[in-house]
Amino acid sequence: IPTPVAPPLSPPAPQWPPKGYKECNTPAPGPPRPPSGKFAAVACKPGKASQQWTLSQGVQPGDAKLTNVYMAAGSKGCWEIEACATGEGAAVNCNWGCKPLPKSCKSACDCNGAWNLNSNGTITSVMDGKCLQVAGGSAVNVGACTGKANQKFEWHAGVGNSTTYTVRQGALCVDQAAV
């Protein structure tokens, strides 16, 4: 008869970073750290890596096709609604890598990184239909779509590169490194 073994009292603590973790910001040397990239609308600086974005293959700004929005440099993180939050003003960042484009949205978290870039300049979340917006001065988050100017963006092709873009509102660009 084998000796009985007591089951563990609790599951093991989750490891940091989680498997597949990628952060938009270039990680600092040393041990892994929690995510730190925060989106903000800041002064555009031509060629600044944290303001450069690419889209899923075959997608063009304004065509309303389902897309991921990828960091053009570094770890290639993608825009996503943080923690799959559905509330007004939910944060957007690219701290957790990229998910494949969803086939369905059975769970909100299947779709928190998928977007539509609409011809009127709005960018809508596939997860909940909310619009990307600049709110509270420089914060970039999502909110109910209103069609107001703070929810309209222009996509400017990078110099000599038709697949890299800056995402602008006037002289401000969406920047993931604005902490």
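Going by the structure above, here's the rest.
Quick summary incoming for the structure in this document. Here the structure is a predicted model, which is why all the values come from computation and not from measurement.

**Here's the deal with empty space enclosed by the protein**
Following the criterion strictly, the structure yields 1 cavity of 30 Å³ or more and no others. The volume enclosed by the largest cavity comes to roughly 40 Å³. Along the walls of the largest cavity sit Asn-68, Cys-78, Trp-79, Glu-80, Trp-96, Gly-97, Cys-98, Lys-99 and Gly-113, which together make up its complete lining. Partitioning the lining of the largest cavity into residue classes produces 4 nonpolar, 3 polar and 2 charged.

**Digging into the pattern of salt bridges**
Here the structure, examined in full by the defined rule, presents 2 salt bridges. Salt-bridge contacts for Lys-48 lead to Asp-175; the nearest nitrogen and oxygen are separated by 2.8 Å. A residue pair is termed long-range when its members are at least 10 positions apart, and Lys-48 in the loop between β1 (40-43) and β2 (53-55) and Asp-175 in strand β13 (residues 172-175) qualify at 127 residues. Judged by relative accessible area, Asp-175 falls into the buried class, the value being 0%. Between Asp-128 and Lys-130 there is a salt bridge, with the nearest N and O atoms lying 3.9 Å from each other.

**Quick word on the pairing of strand β9 (residues 131-135)**
When you tally the buried positions in β9, you get 4 out of 5 residues, the bulk of the element. As judged from the 5 bridges shared by β9 and strand β10 (residues 139-143), these two strands associate in the antiparallel manner. If you follow Val-134 over to β10, its bridge partner there is Val-140.

**Quick word on unusual backbone geometry**
Of note, the phi angle at Ala-64 is positive, near 60°, even though the residue is not glycine. By the secondary structure assignment, Ala-64 is in the loop between β2 and β3 (66-67). You can call Ala-64 partly exposed: its relative accessible area is 37%. Of note in the backbone geometry, Cys-84 takes a positive phi value of approximately 55° without being a glycine. Structurally, Cys-84 can be placed in the loop between β5 (80-81) and β6 (90-93). For Cys-84, a relative accessible area of 13% translates into the label buried.

Here is what the cut-offs are and how they apply
- Residues numbered from 1 in each chain as written.
- Predicted model: local features only at pLDDT ≥ 70, side-chain atom pairs only at ≥ 80, totals over all residues.
- Heavy atoms only, no water.
- 1 Å grid on protein atoms, 1.4 Å probe; cavity = no way out; pocket = protein on both sides within 12 Å on 5 of 7 lines; lining within 4 Å.
- Points joined across faces, edges and corners; volume = space filled by probe spheres on them.
- Nonpolar A, V, L, I, M, F, W, Y, C, P; charged D, E, K, R; others polar.
- Salt bridge = Lys/Arg side-chain N within 4 Å of Asp/Glu carboxyl O.
- Helix = DSSP H or I, 4+ residues; strand = E, 2+ residues; numbered from the N terminus.
- Buried < 20%, exposed > 50% of the residue type's maximum accessible area, 1.4 Å probe, protein only.
- Pairing = 2+ DSSP bridges.

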